[in-house]
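Listed here are the chains, written in short residue letters.
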Amino acid sequence: MRWFVRIFAGLLLLAGAAAVILYIVARLSLPGLDGTIKVAQPLAGPVEILRDRHAVAHIRGASRMDAAFGLGYAHAQDRLWQMEVQRRVAAGRLAEIFGRQALNTDKFIRTLGIRRKAVTAFAALLPETQDYLQAYANGVNAFLETRPGPLPPEFLIFEISPEPWTPADSLGWLKMMAWDLGGNWGSELARLGLTRRLSKQQIEEFYPPYPGDGPVALADFTALYRQVASAIDVDRLQQMLPPPRPEGLGSNNWVVNGKRTVTGQPLLANDPHLGLTTPAIWYFAHLASPSGEVIGATLPGVPGVILGHNGRVAWGFTNTGPDTQDLYIEKIDPADPARYITPEGSAPFVVHEETIRIRGGEAINLSVRETRHGPVISDVHESSKNLLEPGYVLAFCWTALRDNDTTADALTGVDTITDWPSFLDNYRRFVTPQQNIVYADREGNIGFLAPGLVPIRKRENDLKGLAPAPGWDARYDWAGFIPFEQLPQSYNPPQGMLVTANHKIVPDSYPHFITSEWAEPYRARRIESLIRERAIHSVESFKQIQGDAVSLMAGEILPLLLAAPPKAEPRNPELSVAHAMLMNWDGTMAISRAEPLVFQAWYRELTRLVLADELGEGFVPLWRHRPILMKNILSDTAGQSRWCANVATGAATPCAALVAEALDLALDDLKGRYGADLGRWRWGEAHQTRAPHRPFSNIPLLRRFFEVSIPSPGDTFTVNVGRNDLGDDKEPFANRHAASLRAIYDLADLNRSQFMHSTGQSGHLLSPNYRDFAAPWAAIQYIPMSLRQADIEAGALGRLRLRNE
């Protein structure tokens, strides 16, 4: 026993010593914020990186290129691991560090060819943009060469060192951002899979038209789709591919002119909604040079300010959500499996050979086939290759895969914008993803532009880009792109305000098709209502709008639920209390209330009862809120209450019976998750943010240290958005997509502009700036970010100088 105690004590001492050593090494990897560092890369003059009291990097260079160099250096200091993971995502090289569990992701990204297309896109850019990207890469590499301490702890744990940064690494991440904001391919693939279970009419009901629009009548390719879905095994393919764009993914922005503000000058607000991550996707910075200055939100790994102002104009983005992705069913040539059928006859696949290295395993070789439309994504699923001759494959067409993607020209040129004409000229080179950009300038003008490459579909295209098209039929090929001058735009509108929230932004008379899958208009309606409630607005009233948590979706659906009589003999005696509680609720998704949680759980169980029997195995991958569909069913629009029927028995079950049973099931579920006392349930406890750290959120012991999590208000449809995934049975109410940043710009004095993002400036766990923004972000608080030197220096954390001598 004495020897056992001694051995155990010794092991504890060794573990403690190892922990202390690891902590010391991790502390040594924190970047230095003061001093002078000599760099080998040529500079026009010294570069200064001054971090203000909130750790915002204010970078001053003797030229635009020097400022880009400084941003690259600062990004590498604060977010190096994040940048490393991001470029490996874009290059399809995650399995090299994370092993076989990342292989499917790598195979899909290699199939898309993101890295190859990033390299070719670089050649299409303006020479000055190429120089800017290279200067940024030089800054990243200067840090790698001059860092005085060890790499951040993630590098030590995975035993890797970063390779030199390249412009293609930056361009690859821009394409992945475009991927995150796209997603029409997902609904096309889902429609293909649904043909095995649903009729054409049911599919059209499952994907209802935008409110006020007529139904979209599609050609009936049911027979072909069933043949293709069987050959390609769509269900398995959906499991292997990255999940489609989350429901309602987008953003809010709005701008009002001086007639609506206390200062007589415009106010502009923006909060882009993205998947939450730790560290945050954004990094605040200020770039200054003799050519001009710009301040706002940057993307680690990418040069320039994406969202912000330049002292003269301010701008903000939301996602337009255009249909810029199409799936094509390609028919393999029965005489030669190395060829496929086109309108002009047989053509050979273009083949790219890829080698994927796997940590702890043997490398695999991947042959990527490509048609005239794009890469063959059905090849990602190995078993489908055995079913293809003579058969079909699915090819993927996307504007971001074009060789002449000049988006980086527009994103890096914002410091040169001085007025509306130069704003238009700059964004003329923006390709993808199409964005709704609101604009304001110091002269009092406001505007809106939706730049981006949007394909024109032929009149005879009877699929409208909503379902996979026969690749051998020329009717479904794109017929060019919407001319820039005909893209949606507005300048100084008579109503004195502009609002975009991913809703339909064009009138019925607009001559071009952009999409029929606009986000539900709940957020847009609420923002417009709140703007009109006041004659005059201020920065403070804009903060209140950004923090608004009233769910118009709940206000629309809840009366339909409450209209159904409760169960006469429920399993849960609290059912009548829950029902009465919701009768008096105004739809505010507040952290401190139980009603939002009961409503969400009730609605979740109802969607399962109504839709799961029709969709079968396809239900969980497609489990979304779908409020327009559910409203149509509960209101029996065009007889759609038939979805409530029991598919197994054929019984015509009344929807009211399912509504009543769903509340009882919801209470069962909530008791199991949060205890039996309904009075102690809180939406904030269930609606915690989930901002995963790659990869340590997957390790329970490390997750609590590395992942930033905090109670949050809102739901998928509130202005202060907080999207939850109904299909995540473990955490169906957790907030996974929200305002990745918030910004409010005061054109009367842009130095009074306010900003906030979701974690902190640093990606280093031991930094005091790792999570210091999280609580203020959840509380709708902001930090000021000024161009004035006195404001910058007040309480500054450090001043770093980079020089050649």
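Shown above is the structure to which this text applies.
Residues numbered from 1 in each chain as written. Predicted model: local features only at pLDDT ≥ 70, side-chain atom pairs only at ≥ 80, totals over all residues. Heavy atoms only, no water.

Overview of the overall build of the chain
Secondary structure summary: the chain contains 25 helices and 28 strands in total. Here the chain has a C-alpha radius of gyration of 27 Å; the compact-globule value for 805 residues is 28 Å, and the two agree. In terms of overall dimensions, the chain has a C-alpha envelope of 85 × 80 × 70 Å along the principal axes. A sequence separation of at least 24 residues applies to 72% of the contacts in the chain between residues at least 6 apart. A total of about 30,200 Å² of accessible surface is found on the chain, and carbon and sulfur atoms cover 55% of it. Between the centroid of the 80 positive side chains of the chain and the centroid of its 87 negative side chains there is a distance of 3 Å. (Helix = DSSP H or I, 4+ residues; strand = E, 2+ residues; numbered from the N terminus. Rg over C-alpha atoms; globule rule 2.2 N^0.38 Å. Contact = heavy atoms within 4.5 Å. Areas by Shrake-Rupley, 256 points an atom, 1.4 Å probe, with all protein chains shown as cover. Lys, Arg positive; Asp, Glu negative; His and termini not counted. Charge placed at Lys NZ, Arg CZ, Asp CG, Glu CD.)

Structural notes on empty space enclosed by the protein
Taken as a whole, this structure holds 14 cavities of 30 Å³ or more when the rule is applied. In this structure, the largest cavity occupies an estimated 310 Å³ of space. In terms of lining, the largest cavity is formed by 26 residues, of which the most central are Met177, Leu181, Ile306, Leu411 and Pro433. Listed by contribution, the elements that provide at least two residues to the lining of the largest cavity are α8 (167–181), β5 (267–275), β9 (313–319) and α13 (407–411). With six residues, α8 is the single largest residue contributor to the lining of the largest cavity. Here the lining of the largest cavity is composed, by residue class, of 18 nonpolar, six polar and two charged. (1 Å grid on protein atoms, 1.4 Å probe; cavity = no way out; pocket = protein on both sides within 12 Å on 5 of 7 lines; lining within 4 Å. Points joined across faces, edges and corners; volume = space filled by probe spheres on them. Nonpolar A, V, L, I, M, F, W, Y, C, P; charged D, E, K, R; others polar.)

Thoughts on the sheet that holds strand β15 (residues 392–398)
Spatially, three strands are ordered β15-β10-β19 in an open sheet, and the strand pairing comes out mixed. Since the sheet does not close on itself, it has two edges, and those belong to β15 and β19 (469–470), each with one partner. (Pairing = 2+ DSSP bridges.)

Some thoughts on unusual backbone geometry
The linkage connecting Thr278 with the following residue, Pro279, adopts the cis geometry, with an omega of -5 degrees. Located in the positive-phi region is Ala55, a residue other than glycine, with phi close to 70 degrees. Unlike most non-glycine residues, Asn502 shows phi in positive territory, near 70 degrees. For Asn502, the location among the structural elements is in the loop between β22 (497–500) and α15 (522–533).

Comments concerning helix α14 (residues 420–427)
Those residues of α14 that fall on the buried side of the exposure criterion are Trp420, Phe423, Leu424, Asn426 and Tyr427. Buried residues in α14, looked at end-on, bunch into an arc of 165 degrees, giving them a common side. Of the residues in α14, the exposed ones pointing more than 90 degrees away from the buried face are Pro421 and Asp425. Residues of α14 that are buried sit in contact with β9, α13, β16 (435–441), β17 (446–449) and β21 (489–491). (Buried < 20%, exposed > 50% of the residue type's maximum accessible area, 1.4 Å probe, protein only. Arc of directions from axis to C-beta.)

Some points on the pattern of salt bridges
Between side chains of opposite charge, a pair can form when the charged atoms approach closely. One pass over the structure, following the stated rule, counts 55 salt bridges. Measuring nitrogen to oxygen at the nearest pair gives 3.4 Å for the salt bridge that ties Glu517 to Arg191. Placement of Glu517 in the loop between β22 and α15 and of Arg191 in helix α9 (residues 184–194) is noted, with a sequence separation of 326 residues between them. Residue Glu793 pairs with Arg799 through a salt bridge whose shortest N-O separation is 3.3 Å. Taking the relative accessible area as the measure of exposure, Glu793 reaches 37% and is therefore partly exposed. (Salt bridge = Lys/Arg side-chain N within 4 Å of Asp/Glu carboxyl O.)

Focus on the packing of helix α5 (residues 114–124) against α8
The geometry of a pair of packed helices is captured by two quantities: the angle between their axes and the separation between those axes. Across the interface, α5 lies against α8 with an axial gap of 8 Å and an inter-helix angle of 115 degrees. As for how α5 packs across α8, the hand of that crossing is right-handed. Between α5 and α8, the residues in contact are Ile114, Arg115, Lys117, Ala118, Val119, Ala121 and Phe122 and Pro167, Ala168, Asp169, Leu171, Gly172, Lys175 and Met176, respectively. Across the contact of α5 with α8, the residue classes tally to nine nonpolar, one polar and four charged. (Axes fitted to C-alpha atoms, helices over the stretch in contact; angles between N-to-C directions. Left-handed = near helix turned anticlockwise from the far one by under 90°.)

What to know about the layout of surface pockets
A volume near 640 Å³ is recorded for the second largest pocket. Along its surface, the second largest pocket is lined by 25 residues, and Lys464, Tyr510, His512, Phe513 and Ile514 are the ones closest to its centre. Class assignment of the residues belonging to the lining of the second largest pocket gives a composition of 13 nonpolar, five polar and seven charged.

Description of the state of the cysteines
Taken as a whole and judged by the stated rule, the model has one disulfide. Each sulfur of the disulfide joining Cys644 and Cys655 lies 2.0 Å from the other. For the disulfide bridge between Cys644 and Cys655, the dihedral angle about the S-S bond is near 100 degrees, and by the sign convention the bridge is right-handed. Of this pair, Cys644 sits in the loop between α20 (627–634) and α21 (655–674) while Cys655 sits in helix α21, and the two are 11 residues apart along the sequence. Judged on exposure class, the residue Cys644 and its partner Cys655 are both buried. (Disulfide = S-S within 2.5 Å.)

Details of the packing of aromatic side chains
A complete count under the given rule lists 34 aromatic pairs for this structure. The interplanar angle of 10 degrees and the centroid separation of 5.8 Å between the aromatic rings of Trp81 and Phe158 together place this pair among those described as stacked. On the criterion of sequence distance, the pair formed by Trp81 in helix α2 (residues 64–91) and Phe158 in helix α7 (residues 153–158) is long-range, its members being 77 residues apart. With a relative accessible area of 13%, Phe158 lands in the buried category. Note on Trp585 and Phe599: the rings are 5.7 Å apart at their centroids and 45 degrees apart in plane angle, and the pair reads as tilted. A residue pair is termed long-range when its members are at least 10 positions apart, and Trp585 in the loop between α18 (575–583) and α19 (595–615) and Phe599 in helix α19 qualify at 14 residues. For Trp585, a relative accessible area of 11% corresponds to the buried category. Taken together, the ring pairs connect Phe317, Trp420, Phe423, Tyr427, Phe430, Tyr439 and Tyr491 into an aromatic cluster. The ring of Tyr207 carries the charged tip of Arg191 above its face, separated from the ring centre by 4.1 Å. (Phe/Tyr/Trp six-rings, centres within 6.5 Å; stacked < 30°, edge-to-face > 60°. Lys NZ or Arg CZ within 6 Å of the ring centre and 35° of its normal.)

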